[in-house]
Every structure is written in C-alpha cells, then in structure tokens.
Amino acid sequence: MNAEAPAPIGRFEHGDALGLLARADAAGVKRVAETVLPDLGAIDVLKSRTGLAMLPCRDSAQGTTFHLGEVLVAEAHIRLPDRQDCEGYGACVGRDLEHAMAIAVLDAAASAGIQTAVIAAFLEQQSDVSEKQDADLLRRVEATRVEMETF
Amino acid sequence: MAYVAARGGETAIKQAECLFREALGSITEERVCEIQRSLPYLVDRVMGEASLYAPDLAALALAQSGGELSEAVLLLRAYRTTQPRIAYAAPIALDRQLTVRRISAAFKDVPGGQVLGPTLDYSHRTLKTEVLAGQPFTPTPVTPAEKPSERAPPAVAGWLRDQGLVPPADDTEQDSGDIPDLTREPVLFPAPRAHTLQALARSDTGGTLALGYASMRGYGSVHPTVNEVRLCEADVMMPHPKGGHFNAGRVRVSEAEVVSRAQVDGKPILKLGFAATLGWNEVKTIAAATLDLAMNTAGAHPANETEFVLYHTEPIESAGFCLHFKLPHYVTFQSALDVFRGGGAAADEASPEEPPDVAPDDTPVLEEALP
C-alpha cells in the first residue's frame, strides 16, 4: 500500500470513518457495500481472514504496559486493479468476514472517489446512531451516581 | 515413564463421549446466542481466563462443555492456537475508555464522582422462585438521568499521584511488540511486571480469589482498600496499513486498584496494587490487585511469592495437572506398589501377611498418563 495518508471521507477523518463502520450494524454496512460494489470493477482480495489482535493495557499504579489478552478480529484487505490500484482495508471485532470485507470495499471506494457522497451519508447516519447509543448508555449510568456520606 | 498398550478402550471412550454429549442435547445457534445473552458474566469469565475476547465462541465453549468451566476455558485457549496474531492494538489506558462503573472504597469524593453502574452490591440476594411457578421475572427498567455521566473519569491513582501520596508512574513509551509476552516466552523469575500483570489477567478466578482472600484475611501481609474498581468498554485501536489506528470495536474490561499502607525506611507510604482482565470480573481483579501488592513482600505466606502465585493460578495448567491424575497411572502406581510390597515383605519376613487386595494390571486399556 502506498504511504500517503488516507483522505477524509466527508467530514470524517479516515480512522474515524473506519471506526464508525466497524461499530455500525453489520447488515447496514454490507447493504451500502453492495450498492457500491458494481462500480469498483475487478477486485483483488489480498486478505480475508480472522486473527488475533493483542491488546496492551497500561497499569495505572506503576505505568507498566502489559498484554491484557487477545481479541478475535476479522480483517479484509483489497486492491482495485481497474482504479489505479486503490486499496481498501477493514477490520472489526469478531468473526464476521463479510463485515470486514464490506468495510474494506467502502474504504477502497472512498479512496478511489467512488460514491463518496453515499458513503459519507451513511457515515453521518452511523455517527448519529453511535453518539446516541453512547449518550443513552451514559445517561443510564448517570442514574446510578451515588453521593457517599460519612457520619 | 513407561507406556502401556492401548487395547479394548476405543469403544468405551466413544460411548463415554456420547453419554456426555447426549445429556446436553443438540447444540444450536439459538442455544449459543441465549447463553451469550443471558450469561454475559460467565462468558466474560471464560474469555478472561482464556485470554481471548470472543463472546460468541466463549458461549459456544460453554454450550459444548455443559458449563464445565475448565473445559470451556481449554476449548477457547485451544481455538486461540488456530488463529494467527495479525496485529498489536494500540495500548489502552482504562481512564480513557467508556466507563460504566467506577467506585472507590478509599475516598468518597474522587474526581468524576462515583457511579455504581450495573451491580447487585446493595441489593437483596433472593431467588425469584415465582419464576419456577410460571411467573416471568421482568426487571424494572432504568430511569435514565437527564445528562450523561462522564465518559471516562480519571484514575484515582492519578489523583493520589497529583497529591504526592504515591510515587510517579513510569511514563516510558514502549512499542507493543516489545512488551514481554508470556504466550511467546517462558516466565522467568524474578518476573518482569508485564509478565506478572499478564498472568494475573488470564488467571483462574477461583485460584486468584483463594490466594488473594487468604492474604487479605490476615494470613498474608496486605489488607487492601479498594482505591478504584472500574468496568469499561475499551476501544480496540487496530493499526491501518497506511499508518495510524482506527477503532475496530469495543471489548469489556474490568480493572481494580487497591491501596495499602507500608513503610519504607521507617516512613509510612501508600502502595498501589493493580489488576485488569478481559471481561467484567470484579472479584478476580480485586483479588489479583491484592496479590500484585502482596507479591515480593516479606512474609511466609504463599501470596508473597510471585512464582507461587503465577504458577498456581494458571487455569489450564492447574486444572490440567489436577485432572491428569484421574487418567491411567497403572505402571507408576504398580511400581510404587512393588516397593510397598517389597518393603513390607522385608519387614515382615518373619511373619508374612496377605498382600493388599489390589488387582494386577494385566489388561491395560488406555495410554499411561504422563505425570
């Protein structure tokens, strides 16, 4: 893959966009990828596999970084030979290879400038969903706030 | 070690497995999904001890093993060995993750306050027996607050550090690939702290609790106070081939800091212990953080020895070693018996007695187990 920093997709930085796609409902990501797919031409699949991502963690007591454990992830890496070898990469926690491939398809499409408006609109939608999910969860957490008193 | 020939046991072994699996019935996708949905803390425990975050596979392991935990953890650890390691995620600091529970037993007023999160800590533990009489138990829904809680409240340890109550933390940046990894290299003692914390993260909950409890109860040197317990959903920041990282999803992580008084050169100080694990498992992290404090302190208790703690809280090693004793040991035991008989015969030469009523091992059916 070339070393150029990937361009933003819509108003989203590249990493944020992939993160939204990884967290999004897999069925929705696959649906958008299906609509984009016919415009991509030939696709070389470089990787489509599950594997382990080691997750390091920082100890707050002494500052030691250690390995917390491994996370099963699905990853996909593709190249578009008809589109100046634009590449796409996707990964998501779990075993859903189709989800990872759909992310890679959208990443490649955005990189090649194909249907970027559709992808950006989907990202906007997912951003709203993600923010709402987190806000809802944290409002439920806030309901458990406790003020301790001593006598 | 001698081995005996395998003969005559194949059918029995197959039927024994059939008997085990028949009792569990068909394992369907629906059953696995139900286990994952209804028993998330059990799934978390399996993932933590297996050191592999894969909730659906942990639920499948529980379904296949009928809930026998050592079997379930073994299944997941075995699956792990079939997968390549494809990346090191960016290191996480737990005070920057989406936090759903953060409490302190040491300080009532900590920055960010305290949120109990999902817990039964202050609830009555009563069985809803009416469920067994056909009346479903439907939990009362949460009444959400108007505003969300702080997404990632700071670590209490950092607050203590700001006050000069505990020493500064090591802030050296380390490449993830250079972090000591006990899945790739043997643990040597004195163990690096990274090995110790990794071993505690994947330790057996029961074993860790037993040693931690024994220490905190008074047989050991540490009486901890919980500085912080945190449950969070941590971001898995995967590296992208073009550089940078992106969030590939979240995993449940639990963490505990404990604090205890100690003396250095006659001066009182506060010492912190730390532990974290994949999944939400508070009892393990509190016990493990206590052991982090206890290890390598003076005292005769086993919890004061890192080697003892790490070797004896490894779930697969400990369960496997214990369980291997049920496998055939005919030759080794026969050898011991021969010594026993010989010694007894020499001692009783003058008045021989009947030997013990043990059947000779003339038709072995299974391979001799290694000790």
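Numbering of residues begins from 1 in every chain and follows the order in which that chain's sequence is written. Each chain takes a letter, starting from A, and each ligand takes a number, starting from 1, following the order in which they are written. Only residues with pLDDT of at least 70 are given local features in this predicted model, and only at 80 or more are side-chain atom pairs given and counted; all residues enter the totals for whole chains, interfaces and linings.

**Brief notes about the overall build of chain B**
So, step 1. Numbering of helices and strands starts at the N terminus; helices are DSSP runs of H or I of at least 4 residues and strands are runs of E of at least 2. Regarding its fold elements, chain B presents 12 helices and 8 strands.
So, step 2. Seen through its C-alpha atoms, chain B measures out along the principal axes to roughly 85 × 60 × 55 Å.
So, step 3. To assign burial, the other C-beta atoms lying within 10 Å of each residue's own C-beta are counted, with C-beta atoms placed from the backbone; 20 or more indicates buried, 12 or fewer indicates exposed, and intermediate counts indicate partly exposed. Taking all 371 residues of chain B together, 36% fall into the buried category.
So, step 4. By sequence separation, contacts in chain B at least 24 residues apart represent 68% of the contacts at least 6 residues apart. Whether two residues are in contact is decided by their C-beta atoms, placed from the backbone, lying within 7 Å.

**Observations regarding the nonpolar core**
So, step 1. Counting residues in hydrophobic clusters, the biggest one holds 127 residues, and the most contacted among them are Ala53, Ile103, Val105 and Leu106 of chain A.
So, step 2. Among the elements that line this core, the one with the most residues is helix H3 (residues 97–111) of chain A, at 10 residues.
So, step 3. The two domains that each donate at least three residues to this core are domain 1 (10–80) and domain 2 (94–117 + 149–169 + 181–319) of chain B. Any nonpolar core is a set of buried residues, restricted to Ala, Val, Leu, Ile, Met, Phe, Trp, Tyr and Cys, that join up through C-beta atoms within 7 Å. The start and end points of each domain follow an automatic or database-based domain assignment.

**Points about the packing of helix H3 (residues 40–50) of chain B against helix H5 (residues 69–80) of chain B**
All names here are of chain B.
So, step 1. Lines fitted to C-alpha atoms define the axes, with helix axes restricted to the stretch in contact, and inter-axis angles between N-to-C directions lie between 0 and 180 degrees. Between H3 and H5, the least distance of the axes is 9 Å, while the angle of their chain directions is 55 degrees. Classed by the angle they form, the pair H3 and H5 counts as oblique. As for how H3 packs across H5, the hand of that crossing is right-handed. Only Leu69, Ala72, Val73, Leu76, Arg77 and Arg80 of H5 make contact with H3, whose side of the interface consists of Val46, Glu49 and Ala50.
So, step 2. When residues are grouped by polarity, Ala, Val, Leu, Ile, Met, Phe, Trp, Tyr, Cys and Pro land in nonpolar, Asp, Glu, Lys and Arg in charged, and all others, Gly among them, in polar. The residue makeup of the contact of H3 with H5, split by class, is 6 nonpolar, no polar and 3 charged. The labels follow the angle: roughly parallel below 35 degrees, roughly antiparallel above 145, roughly perpendicular from 65 to 115, and oblique for the rest. A crossing counts as left-handed when the near helix is turned anticlockwise from the far one by less than a right angle, and as right-handed when that turn is clockwise.

**Structural notes on unusual backbone geometry**
So, step 1. A cis amide bond links Phe189 of chain B with the next residue in sequence, Pro190 of chain B, at an omega value of 5 degrees.
So, step 2. Note that Pro190 of chain B resides in the loop between helix H6 (156–162) and helix H7 (193–201).
So, step 3. Positive phi values are uncommon outside glycine, yet Asp85 of chain A reaches one of about 60 degrees.
So, step 4. Tracing the backbone shows Asp85 of chain A in the loop between strand S2 (65–80) and strand S3 (86–93).

**Examining the environment of Ser203 of chain B**
Residue and element names in this part refer to chain B.
So, step 1. Topologically, Ser203 is positioned in the loop between H7 and helix H8 (205–219).
So, step 2. On the basis of neighbour counts, which here come to 29 C-beta atoms within 10 Å, the residue Ser203 falls in the buried class.
So, step 3. Expressed as a C-alpha distance, the spacing of Ser203 and Ala87, which sit 116 residues apart in the sequence, is 23 Å.
So, step 4. In contact with Ser203, other than residues within four places in its own chain, are Thr208, Ala288, Thr313, Glu314 and Pro315.

**Details of the packing of helix H2 (residues 26–36) of chain A against H3 of chain A**
Residue and element names in this part refer to chain A.
So, step 1. As a packed pair, H2 and H3 sit with axes 9 Å apart at the nearest point and diverge in direction by 45 degrees. On the basis of their axis angle, the class for H2 and H3 is oblique. Crossing of H2 against H3: the hand is left-handed. For the pair H2 and H3, the contacting residues are Ala26, Val29, Lys30, Val32, Ala33 and Val36 in the first and Glu98, His99, Ala102, Ile103, Val105, Leu106 and Ala109 in the second.
So, step 2. Considered class by class, the residues forming the contact of H2 with H3 number 10 nonpolar, 1 polar and 2 charged.

**Some remarks on the domain arrangement of chain B**
All names here are of chain B.
So, step 1. Under the domain assignment, chain B is made up of domain 1 (10–80) and domain 2 (94–117 + 149–169 + 181–319).
So, step 2. For domain 1 and domain 2, the distance between their C-alpha centres works out to 28 Å.
So, step 3. Contributions of two or more residues to the side of domain 1 that touches domain 2 are made by H3 and H5.
So, step 4. Here the side of domain 1 that touches domain 2 gets 6 residues from one element, more than from any other, and that element is H3.
So, step 5. Taken together, the residues of the side of domain 1 that touches domain 2 break down into 5 nonpolar, 3 polar and 4 charged.

**Re the interface of chain A and chain B**
Reports of interface size often rely on the accessible area that becomes lost once the parts have come together.
So, step 1. Listed by partner, the interface residues are 55 residues for chain A and 70 residues for chain B.
So, step 2. Put simply, the parts of the chain that give the side of chain A that touches chain B at least two residues each are helix H1 (14–23), strand S1 (44–58), S2, S3, helix H4 (116–142) and strand S4 (145–146) of chain A.
So, step 3. If you tally residues by element for the side of chain A that touches chain B, the top one is S2 of chain A, at 11 residues.
So, step 4. Grouping the constituent residues of the side of chain A that touches chain B by class yields 29 nonpolar, 15 polar and 11 charged.
So, step 5. Here, strands pair whenever DSSP counts at least two bridges between them. Both S1 of chain A and strand S2 (residues 85–88) of chain B contribute to a ladder of 3 bridges, which runs parallel. Its bridge partner lying in S2 of chain B, Leu52 of chain A is registered against Arg85 of chain B.

**So, the pairing of strand S7 (residues 245–264) of chain B**
Residue and element names in this part refer to chain B.
So, step 1. Burial of S7 is extensive: 14 of the 20 residues sit out of reach of the surface.
So, step 2. The sheet contact formed by strand S6 (residues 225–239) and S7 spans 13 bridges and is antiparallel. By the bridge assignment, Leu231 is partnered in S7 with Ser254.
So, step 3. Turn length for the S6-S7 hairpin, with the two strands adjacent in sequence and antiparallel, is 5 residues, and the turn residue Gly243 shows positive phi of about 105 degrees.
So, step 4. With 11 bridges joining them, S7 and strand S8 (residues 267–278) adopt antiparallel strand pairing. Note on S8: the bridge partner recorded for Val264 is Lys267.
So, step 5. Counted between consecutive antiparallel strands, the loop separating S7 from S8 contains 2 residues, among which Asp265 sits at a positive phi close to 55 degrees.

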